[in-house]
Amino acid sequence: MNKNLCACTILSALVLASVSTGLAQDKQELKLQLPKPMFIGTPTNIKSANLEPITGKSRGPFLVPVGTRLLSLKRPVTSSDRQPVIGELEMVTDSEKEGGDGYFIELGPGKQWVQIDLGAAYALHAILAWHYHSQARVYRDVVVQVSDDRDFLKGVSTVFNNDHDNSSGLGIGKDKEYIEVAEGKLFDPKGTKGRYVRLWSSGNTSNDLNHYVEVEVYGTPAK
Ligand SMILES: [Ca+2]
Ligand SMILES: [Ca+2]
């Protein structure tokens, strides 16, 4: 009896040790390759009822679980606009992030999306988007979603939504609009699991078109 109790205690201790290791997940700084900034200074001509405060400062370090890697590089891209006005959809995941002509794709007017197929479900820890950064702009109704359903009809998790008046019809968003800069916008999926990432927008403060220089998705294998 004593012997059994002893073995049981040791087993419990081992289980506890492995659980606590799992909980105390080690983090590391997400390392990004950032493009050259195309403009400096604080823009004053942006009209937005829902803009985040402009600090002029960079984002600072962002921590992700150890083992997090870039999942989106060269992964297939689809879109609500199958024939971009400018560029090819594959440019969204080709790792080129410079702001000038020849680096962005242009999608048609109004509400449009691009979608990346990661090839398998992952736990996602960072999603970054560079819409356009050669001029200060705010893109409207930015919504970022994750799903295992290619058509986003079921099991959809919304990671970010700044459509505060629901003009895009995806639900009221509590996030703030932001000005596009060279460091891109980082969305925190907080470990949301899924295979497909879809990003919506609906025009911008300069015109009613939609643009992407690059999207990056970082994560770890889904357990
Ligand atoms: Ca690119
Ligand atoms: Ca809106």
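Residues numbered from 1 in each chain as written. Chains lettered and ligands numbered in written order. Predicted model: local features only at pLDDT ≥ 70, side-chain atom pairs only at ≥ 80, totals over all residues. Heavy atoms only, no water.

(A) Looking closely at the pattern of salt bridges. In total, this model carries six salt bridges according to the counting rule given. The closest approach of N and O atoms between Lys31 and Glu29, which form a salt bridge, is 3.9 Å. Among the ionic pairs, Lys185 bridges to Glu52, the shortest N-O distance being 3.5 Å. Linking Lys185 in strand β9 (residues 185-187) with Glu52 in the loop between β1 (27-29) and β2 (63-65), this pair joins segments that are 133 residues apart in sequence. Classification of Lys185 as buried rests on a relative accessible area of 16%. (Salt bridge = Lys/Arg side-chain N within 4 Å of Asp/Glu carboxyl O. Helix = DSSP H or I, 4+ residues; strand = E, 2+ residues; numbered from the N terminus. Buried < 20%, exposed > 50% of the residue type's maximum accessible area, 1.4 Å probe, protein only.)

(B) Main features of the nonpolar core. Leu124, Val144, Phe187, Val197 and Leu199 are the most contacted members of the largest nonpolar core, which totals 38 residues. The set of elements that each furnish at least two residues to this core consists of β5 (105-107), β6 (111-130), β7 (143-147), β8 (157-161), β9, β10 (193-202) and β12 (214-221). The element that contributes the greatest number of residues to this core is β6, accounting for 10 residues. Residues contacting Phe187, with those up to four places away along its chain left out, are Ala126, Ile127, Ala129, Val142, Val144, Val159, Phe160, Tyr178 and Leu199. (Core = buried A, V, L, I, M, F, W, Y, C linked by side-chain atoms within 4.5 Å. Contact = heavy atoms within 4.5 Å.)

(C) Structural context of the coordination of the calcium ion (ligand 1). The protein atoms that coordinate the calcium ion (ligand 1) are Met91 (O), Asp94 (OD), Glu96 (O), Val213 (O) and Glu214 (OE), at distances of 2.3 to 2.4 Å. Counting residues between consecutive donors of the calcium ion (ligand 1) along the chain gives the motif M-x2-D-x1-E-x116-V-E. Asp94 sits in the partly exposed class, given a relative accessible area of 22%. (Donors = N, O, S within 2.8 Å, 3.2 Å for Na, K, Ca; no water.)

(D) Representation of the packing of aromatic side chains in the model. Summed over the entire model, instances satisfying the criterion amount to four aromatic pairs. An angle of 70 degrees between the planes, with centres 6.4 Å apart, marks the rings of Tyr178 and Phe187 as edge-to-face. Each member of the pair, Tyr178 as well as Phe187, is classed as buried. Among the aromatic residues, those joined into a ring-pair cluster are Phe160, Tyr178 and Phe187. (Phe/Tyr/Trp six-rings, centres within 6.5 Å; stacked < 30°, edge-to-face > 60°.)

(E) Quick look at the coordination of the calcium ion (ligand 2). Of the protein atoms, only Asp141 (OD), Asp163 (OD), Asp165 (OD) and Ser167 (OG) coordinate the calcium ion (ligand 2), at distances of 2.3 to 2.4 Å. Mapped onto the sequence, the donors of the calcium ion (ligand 2) take the spacing D-x21-D-x1-D-x1-S. Residue Asp163 is classed as buried on the basis of its relative accessible area, which comes to 0%. Residue classification places Asp165 among the partly exposed residues on the basis of a relative accessible area of 47%.

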